[in-house]
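Geometric and topological summary
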Amino acid sequence: DAKTTQPTSMDCAEGRAANLPCNHSTISGNEYVYWYRQIHSQGPQYIIHGLKNNETNEMASLIITEDRKSSTLILPHATLRDTAVYYCIVRPRQNEGGATNKLIFGTGTLLAVQP
Amino acid sequence: NAGVTQTPKFRVLKTGQSMTLLCAQDMNHEYMYWYRQDPGMGLRLIHYSVGEGTTAKGEVPDGYNVSRLKKQNFLLGLESAAPSQTSVYFCASTHQRLASYEQYFGPGTRLTVT
């Protein structure tokens, strides 16, 4: 699985958009970009995933560059409850290339939403 | 629908003691996983299972054993606990054919080995 690089921490003002970058320059053609977050002391929570097109759901938007070497997770209107560690993970989709849906977590980005 | 539940929530063991952590899911998921998370670090995969009766090693399997006798349950055993196994343990599950392949995580078990 490709490795990812994320900033250790970021701050964001409440109500503003939070833009969390992720570098995955060694991503291969069959690997998707997944984002999870972990609020303090809780289990991780799935946010969104994508291959090469931008994606949006009720939680966030995912912008993937054309060369797929980096991506940005956007929380459009951050709230205090969005304070968490955000993990960017790249992996093949299940059953592609013998994958078994394993997730390899890095240390993520600690997003602190300030009032 | 309770999702993924873990038992117990907290436990303190003495070195050399044994225990079993229970993970249960009511979503009929085929795949189940055990992770550990040490302070300031991301999650690391211990063992996983792709179906009832099957298990496989993850990144850090040493010192742990697992069993998946029933589809809904995934047990993690520590035969002889060591202080290095002090950690928060998370269980997760996913459906083989779920479109997003998202993993659903339990609330965690906080284990301290003294």
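Coordinates for the structure precede this section.
These numbers come from a predicted model, not from an experiment.

Analysis parameters
One numbering rule holds for all chains: residues counted from 1, following each sequence as written. Numbering of ligands from 1 and lettering of chains from A proceed in the order in which they are written. Confidence filtering applies because this is a predicted model: local features only for residues at pLDDT of at least 70, side-chain atom pairs given and counted only at 80 or more, and all residues used for totals across whole chains, interfaces and linings. Here the side-chain values reflect all heavy atoms present in the structure, with hydrogen atoms and water set aside. Counting from the N terminus, the helices are the DSSP runs of H or I reaching at least four residues and the strands are the DSSP runs of E reaching at least two. Computation of the radius of gyration draws on C-alpha atoms alone. For the globule rule, the value is 2.2 Å times the number of residues to the power 0.38. Here the term buried applies to any residue with accessible area under 20% of the maximum for its type, exposed to any over 50%, and partly exposed to those in between, with areas from a 1.4 Å probe on protein chains only. To be clear on the numbers: accessible area is Shrake-Rupley with a 1.4 Å probe, and residue cover counts the displayed protein chains and nothing else. Strands qualify as paired when DSSP identifies two bridges or more between them. Fitting a line to C-alpha atoms yields each axis, with helices limited to the stretch in contact; the angle taken between N-to-C directions then spans 0 to 180 degrees. Contacts: residue pairs with any heavy atoms within 4.5 Å of one another. By definition, the buried area sums, over both parts, the 1.4 Å-probe accessible area that each loses when the two are put together. As used in this structure description, the phrase polar contact means that two N or O atoms lie within 3.5 Å; if the pair is within protein, one of them must be able to donate a hydrogen and the other to accept it, and residues adjacent in sequence are counted only when both atoms belong to side chains. The nonpolar class holds Ala, Val, Leu, Ile, Met, Phe, Trp, Tyr, Cys and Pro. Asp, Glu, Lys and Arg form the charged class, and all remaining residues, Gly among them, are polar.

Glancing now at the overall build of chain A. Looking only at helices and strands, chain A has zero helices and nine strands in total. Secondary structure elements of chain A occur, N-terminal to C-terminal, as β-β-β-β-β-β-β-β-β. For chain A, whose C-alpha radius of gyration is 14 Å, the value lies close to the compact-globule estimate of 13 Å for 115 residues. Seen through its C-alpha atoms, chain A measures out along the principal axes to roughly 45 × 30 × 25 Å. Taking all 115 residues of chain A together, 45% fall into the buried category. In the form shown here, chain A has an accessible surface area of approximately 5700 Å², with 48% of it arising from carbon and sulfur atoms.

What follows covers the sheet that holds strand S4 (residues 45–50) of chain A. All names here are of chain A. Spatial strand order, S1-S9-S8-S3-S4: five strands in an open sheet with mixed pairing. At either margin of the open sheet sits one strand with a lone partner, and together these are strand S1 (9–13) and S4. Here the average twist between neighbouring strands, direction ignored, is 25°.

On to the interface of chain A and chain B. Taken together, the 21 residues of chain A in the interface contact 25 residues of chain B. The contact between chain A and chain B buries some 1800 Å² in all, and 51% of this surface belongs to carbon and sulfur atoms. Between chain A and chain B we count four residue pairs in polar contact (both at pLDDT 80 or more) in total. Elements that contribute at least two residues to the side of chain A that touches chain B include exactly strand S3 (31–38) and S4 of chain A. Broken down by element, the side of chain A that touches chain B gets its largest block of residues, three residues, from S3(A). Tallied by class, the residues present in the side of chain A that touches chain B amount to eight nonpolar, eleven polar and two charged.

That is the geometry; function is a separate question.
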